[in-house]
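The chain contents come next:
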Amino acid sequence: MLELILQTCVNALVASSFTALVAVGLVLIFGVMGIVNFAHGELYMTGAFAVWYLTSALGWPFLLAVAAAILLVAAIGAVMERLLFRPMRGNPLGGLIMSVGTLFILQVLALELGGGTGRAKHVTPPWRGVIEVFGIEGVTVPVQRLAVIGISVALLGGLWLFLHRTRMGWALRACAQDPEAAALQGISIDRFSLLAMVLGAGLAGAAGAVMAPLLPVEPSMGHSVIVTAFIVIIVGGIGSVEGAVIAAILYTFFDTFVTTFLDGTIASILGLLIMMLVLVIRPTGIMGVREKV
Amino acid sequence: MRTSLSRRRLLGTTAAGLGLAAAGLPRLGRAAEQTVRIGFLAPMSGDYVDWGLPGLYGCEIWAENVNAQGGLKIGGDTYKIEFVGYDDEAETDKALQGAKKLVLEDEVKFILMLGGNYSGVQNFVNQEKMLVSTLLPSDMSPDTPYLIAPCETHPFYNVTGVEWLAKNRPELKTAAMVYPDDSLGLPSLATYRAAFEAEGIKIVTEKAYPDEASADFTALTTALLAAKPDILCLDTCGAGAVSQITEQAFLQGYKGQMISCTLDYYKQVTEKTSKEFMEGFIFQFPNFDDPMMQKDQINFPDPKGFYDAYVKKYPDAWSAVSWEYPAIMVTWADAAQKAGSVEPMKVLEAMKASGTSPHVFGKGEWWGTEVLGVDNALIADWPVVVMRDGMPTIAEFRSIPDWMSKHTDLLIKHMTDLKQMPDQRA
Amino acid sequence: MSAARPLAALVLALALVAIPFLVKPYQLDIAIFLLINILVVVSYRLVTITGEWSLAHVVMMGVGGYASALLAKRAGLEFWLSMPLAALFTASVAFILSFPLFRMKAFYFLIGSFAAGEAIRLTWIRFYDPFGGPKGLKLIPPPELSLPWLEEPLNLGRPVSYYFLTMLIVGLSLLVLWRIERSRIGLTLQAIHWRDVLAESIGVNTWRYRTLAHVVASFFAAVAGALLAHYVGAVTPTRFGLHIMLYVLVWVIVGGTRTFYGPILGVVTLSILDEFIREFDEYRPLIYGLILILTVRFLPHGLESIVLRAIAAWRERSPGVSRMPVGE
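In short, a report on the structure. Just so it is clear, the structure is predicted and the values come from calculations on it, not from any experiment. (Residues numbered from 1 in each chain as written. Chains lettered and ligands numbered in written order. Predicted model: local features only at pLDDT ≥ 70, side-chain atom pairs only at ≥ 80, totals over all residues.)

**Concerning the overall build of chain B**
A count of helices and strands for chain B gives 15 helices and 16 strands. A compact globule built from 426 residues should have a C-alpha radius of gyration of about 22 Å, and chain B, at 22 Å, falls within 12% of that. With the principal axes as the frame, chain B shows a C-alpha extent of 75 × 45 × 40 Å. By the burial criterion, 60% of the 426 residues in chain B qualify as buried. Taking the intrachain contacts of chain B between residues at least 6 apart in sequence as the baseline, contacts between residues at least 24 apart amount to 66%. (Helix = DSSP H or I, 4+ residues; strand = E, 2+ residues; numbered from the N terminus. Rg over C-alpha atoms; globule rule 2.2 N^0.38 Å. Buried ≥ 20, exposed ≤ 12 C-beta atoms within 10 Å, placed from the backbone. Contact = placed C-beta atoms within 7 Å.)

**Let's talk about the overall build of chain C**
A tally of helices and strands in chain C yields 14 helices and four strands. On C-alpha atoms alone, chain C measures out to a radius of gyration of 20 Å, which is about the 20 Å that the 2.2 N^0.38 rule sets for 328 residues. Overall size of chain C, expressed as C-alpha extent along the three principal axes, is 60 × 50 × 50 Å. The buried share of chain C, reckoned over its 328 residues, is 49%. Looking at chain C alone, contacts between residues at least 24 apart form 73% of all its contacts between residues at least 6 apart.

**Remarks on the interface of chain C and chain A**
Between chain C and chain A, the residue contacts involve 32 residues of the former and 37 residues of the latter. At 10 residues, the largest contribution of residues to the side of chain C that touches chain A is made by helix α5 (residues 106–126) of chain C. Its residues placed into classes, the side of chain C that touches chain A shows 24 nonpolar, two polar and six charged. (Nonpolar A, V, L, I, M, F, W, Y, C, P; charged D, E, K, R; others polar.)

**A few points about the sheet that holds strand β4 (residues 110–113) of chain B**
All names here are of chain B. Taking strand neighbours across the sheet as the criterion, the six strands line up as β2-β3-β1-β4-β5-β6 in an open arrangement whose pairing is mixed. Two strands in the sheet have a free side with no partner beyond their single neighbour: β2 (72–74) and β6 (147–148). As paired strands, strand β1 (residues 33–42) and strand β3 (residues 77–87) are joined by 10 bridges and run parallel to one another. Its bridge partner being in β3, I38 is matched across the sheet by F83. On top of the sheet, helix α12 (residues 320–339) reaches β2, β4 and β5 (132–133); it is set at about 35 degrees to β2, its chief contact. (Pairing = 2+ DSSP bridges. Axes fitted to C-alpha atoms, helices over the stretch in contact; angles between N-to-C directions.)

**Here's the deal with unusual backbone geometry**
Negative phi characterises most residues that are not glycine, and trans characterises most peptide bonds. A cis amide bond links H154(B) to the next residue, P155(B), at an omega of 0 degrees. A cis amide bond links D129(C) with the next residue in sequence, P130(C), at an omega value of 10 degrees. Relative to the elements of secondary structure, P130(C) occurs in helix α6 (residues 128–131). Despite not being glycine, E89(B) shows a phi value in the positive range, around 50 degrees. The residue E89(B) is located in the loop between β3 and α3 (92–105) in this model. The exposure class of E89(B) is buried, given the 25 C-beta atoms found within 10 Å.

**Focus on the sheet that holds strand β14 (residues 377–379) of chain B**
Residue and element names in this part refer to chain B. Spatial ordering of the open sheet is given by β12-β13-β14, a layout of three strands whose pairing is antiparallel. Of all strands in the sheet, those bounded by a partner on one side alone are β12 (356–359) and β14. Ignoring strand direction, the axes of neighbouring strands in this sheet form an average angle of 45 degrees. Examined bridge by bridge, β12 and strand β13 (residues 362–367) share four bridges and lie antiparallel to one another. Opposite P358, over in β13, you have K363 as the bridge partner.

**Notes on the interface of chain B and chain A**
Frequently, the measure chosen for interface size is the accessible area that the parts lose on association. Taken together, the 38 residues of chain B in the interface contact 34 residues of chain A. Looking at the side of chain B that touches chain A, the elements with two or more residues in it are α2 (49–68), β8 (202–209), α7 (217–226), α8 (239–251) and α9 (266–272) of chain B. Here the side of chain B that touches chain A takes six residues from α7(B), the largest share from any one element. For the side of chain B that touches chain A, the per-class residue count stands at 19 nonpolar, 10 polar and nine charged.

**Focus: the nonpolar core**
Counting residues in hydrophobic clusters, the biggest one holds 362 residues, and the most contacted among them are A23(A), V24(A), A48(A), V51(A), A244(A), V223(C) and V248(C). For A23(A), the residues in contact, after removing those within four places along its chain, are A229(A), V232(A), I233(A), A244(A) and A248(A). (Core = buried A, V, L, I, M, F, W, Y, C linked by C-beta atoms within 7 Å.)

**Focus on helix α6 (residues 185–198) of chain B**
Note that an α-helix has 3.6 residues per turn; residues three or four places apart therefore point the same way. All names here are of chain B. The terminal C-alpha atoms of α6 lie 20 Å apart, and with 14 residues this matches the ideal 20 Å at 1.5 Å per residue to within 8%. Of all 14 residues that make up α6, 12 are buried, and the element is covered over most of its length. Within α6, burial applies to G185, L186, P187, S188, L189, A190, T191, Y192, R193, A194, A195 and F196. Contact partners of the buried residues in α6: α5 (158–168), β7 (174–180), β8, β9 (231–233) and α15 (400–417). Within two residues after α6, G200 carries a phi angle of roughly 70 degrees, on the positive side. (Expected span 1.5 Å × (residues − 1).)

**What to know about the packing of helix α2 (residues 25–48) of chain C against helix α10 (residues 206–232) of chain C**
Residue and element names in this part refer to chain C. One can describe the packing of α2 onto α10 by two numbers: an axis separation of 8 Å at closest approach and a directional angle of 170 degrees. Considering their axes alone, α2 and α10 lie roughly antiparallel with respect to each other. The segment α2 lies against α10, with I32, I36, L39, V40, S43, Y44, L46 and V47 engaging A213, H214, V216, A217, F220, A221, V223, A224, L227, L228 and Y231. (Parallel < 35°, antiparallel > 145°, perpendicular 65-115°, else oblique.)

**As for the pairing of β3(B)**
Residues and elements named next belong to chain B. Of the strand pairs in this sheet, β2 and β3 are connected by three bridges, and their pairing is antiparallel. Across the sheet, residue I74 finds its bridge partner in β3, namely D77. In this structure, the hairpin formed by β2 and β3 is closed by a connection of two residues, where G75 is found at a positive phi of approximately 55 degrees.

**Here we look at the environment of D308(B)**
Mapped onto the fold, D308(B) is located in helix α11 (residues 303–313). Expressed as a C-alpha distance, the spacing of D308(B) and E279(B), which sit 29 residues apart in the sequence, is 25 Å.

**What about the environment of G236(A)?**
Residue and element names in this part refer to chain A. Along the chain, G236 turns up in helix α9 (residues 222–236). Under the C-beta neighbour-count criterion, G236 is labelled buried, with 29 such atoms within 10 Å. Distance in space between the C-alpha atoms of G236 and V27 is 9.5 Å, their sequence separation being 209 residues.

**A closer look at helix α3 (residues 57–74) of chain C**
All names here are of chain C. Over its 18 residues, α3 extends 25 Å from the first C-alpha to the last, a length consistent with the 26 Å expected when each residue adds 1.5 Å. Within α3, 16 of the 18 residues are buried, which leaves the element mostly enclosed by the surrounding structure. Immediately beyond the C-terminal end of α3, within one or two residues, lies G76, with a positive phi of roughly 65 degrees.

**Some thoughts on the environment of A87(C)**
Residues and elements named next belong to chain C. Tracing the sequence through the fold places A87 in helix α4 (residues 79–101). Separated by 27 residues in sequence, A87 and M60 have C-alpha atoms that sit 9.3 Å apart. When residues no more than four places from it in sequence are discounted, the contact partners of A87 are G64, F219, A222, V223 and A226.

**Some details on the packing of helix α10 (residues 241–261) of chain A against helix α11 (residues 264–281) of chain A**
All names here are of chain A. Interaxial distance between α10 and α11 falls to 8 Å at its minimum, and their mutual angle equals 145 degrees. As α10 runs across α11, the sense of the crossing is right-handed. On α11, the residues touching Y251, F254, D255, V258 and T259 of α10 are G264, I266, A267, L270 and G271. Looking at side-chain class alone, the contact of α10 with α11 contains six nonpolar, three polar and one charged residues. (Left-handed = near helix turned anticlockwise from the far one by under 90°.)

Everything listed here is a matter of coordinates, which is why it stays silent on function.
Below is the structure:
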């Protein structure tokens, strides 16, 4: 039994690290730009497709492909900000439609890149080994999954340093928590929207890229991620990067444990109900701030 | 990667338009050459695209072959085959809209559906007396007299895999099951329960998941393996779920037997695990270049040629639906030729007249009254496919009718438990 | 008073009546679904004018469809009873949900409403009895009309008669929604949108008004759901999923929400466009996506802004016409 519990903890840790990557990106974008980016799941999907294409068609090494995928998706984010979201400043609904339009387009492009049949793609994991953790036989973590944790922690750590140790990061946080006040202080919303979008998209692309060897890579793979990410950033409190990380860990641990010890359907229903409960008790999430007058 | 923007289908439609115009012209004295249109009503965009689109490609290859040989001779006339597609988005209302267009505008004589959303077109089909096929007999009930399942009788063929396993590895006594909580997973669960019970194999744990997208397969696999089963049974999990659970079982050190309805991505899963790990994995869908597909009992024109043409045109796209829709067309063509007509009700009558029809894997028998409420499912032999040295290999064709004659009561018991009998499906 | 308005209304009415006799049979189905969707988007707008965007609206439509289907199938009620009862039931579900939901605002409300709707949808999937599980309910009886001089009740499930039935019910519903919007309640709702805190400070109970809007909107969504269920003869859980809700959002936003007719413009234009690009099969979403982006890029205030501008321009040129307020 102890083995099962420990193994489940290890499983949950992997799930929470990539969920956190996606959720943190979504928080940045929503916080700074006020846009509900429905295409965020598709950015994640694009990261995964990029890794698939670069490793299988062009034969690039995995880590290089991951780096390229992150840059590519960040670039897509930049294009989205400049061409689609910027003209919609002050029109969040217009922004929402832009993101839905992008969602449709990215899905079809991925379908075509993959040969047009909707068949899932598979990325062969570069690392095949399995490591025993806690020195207990039966509690294992594949190296590939350790890499997911490692890369996620490194990226999130880097982001934390950037946000808390640089002036630019401080300004970005100010934007995310309160764009209007930030603008009043002379912070350029244009510049920081672009930065938020590049970072947010890049993180989503990174999540897709590192998960590519662990999941079937298919055009619809973004759906589930976006729903989980929305739940996580709501529970964590919009605008709070730390809240998103904490909520990602809480949610995935809950989900993984219920799935293991009861079943997956019950885990989904309970997850939704608990989220509702959190919102009823704290309508602005764990780390959220109350709405200003 | 394809380059043309659906050019083939655009041309097809234009040609159909010209054909319509030509039909109005007086016939010259030559032998009548006509076109029969077949509707293809399945998902062609969205999440279920891989259940529809690859099937249309298969049908088009089949039609090209038939048309290249001059067409089908039916009742003294020669018919070219043309497929008309409609994206039903896997929804009931879109399916109804599509069925109306196909029947009333395009005047198709037969509609191929994936199924699952048949309830939306049921009234219309009954009223128009249109012949419709499905891959999912769980759409069937006493109220669906014109709905047939001439190829895939999901999930009943799964009994053949279990039977073969029990015969060849009698020492295996316990099984762990994972299933999707949906209209594919539940009837399949009932079938596997019946099949395992028939062989005296005990199911030690069953784990459900709601949908593939949000399920955590790492956790599910951990829970399944914690029950220490001899057999890990993947029910009718989606293709992605099968890949992920298999890979997880490998990573978490599972050493036992595996059995599944499908293993669409055998190649990729083998790459992610190992040939040794995959050795002996049992599933139910063969490649058509398998030597066993050359046997006389197979009712499919040049299976290997079809397979080669398909994978050449659509690399990496071969799956069950690639050949299942064309296989239905083979059964349909046989009945149309017997009937001497392409009219839906005449074709249906010809199919059912003798109680048997050619099924892709052998002589088929129309069955289903006890379990489906209507004898419109064509059951025959079905291949038990086993992974050997990294390749899916047909180990044996086993008879579904034989199993049913012995164990139908078990199947009914478990279907009833899971509320899958026609009178329980509201 | 200009003669243009009644004239336009007459032309529109004539066109609506003529449609079944002009279009192909399957296009008539498209027209029926379009009428149903018009009711969905217009009722949805009632929620949005309070400033909250719900993701549960399509699920509410489903609650209506399921409830009416169950009342018809299980209790043997006729459509004329099952539909209004289902709508009332849905309205009460919406009322109960308002307690947790309207504690939240903006994005929290958006996702909170999604969670509530999704929990309802999972219930349909999870419980076979009575919801039929993932395959839903089928063989839902079509409406029948018993008239004293007819031997057999008239089956209204056929396309042409169902078209007129839908037109009648949707037309009446739109009229009611229009009256609500023009009433004091409607004006208060809009006030809430613009100055939430201000409205509260002058003694408007915003919770009560938001709940009212949500309940009324859900009532009419349920009517639309019942109309869909009794025509198709089936309801499934996937028909009321997030992707359908996304379409409703798109229709409403592309059309515009400032005017009553904005959402109608959106759903009609985009649905017809969608039929035109059917030919492209798997490329359809790509073309649809491009159209969405271009529309919003060049018409950031929706299709309604074209109409508003046209009307304004027309007024400029004919100063004799009285200046009636258009839209809000």
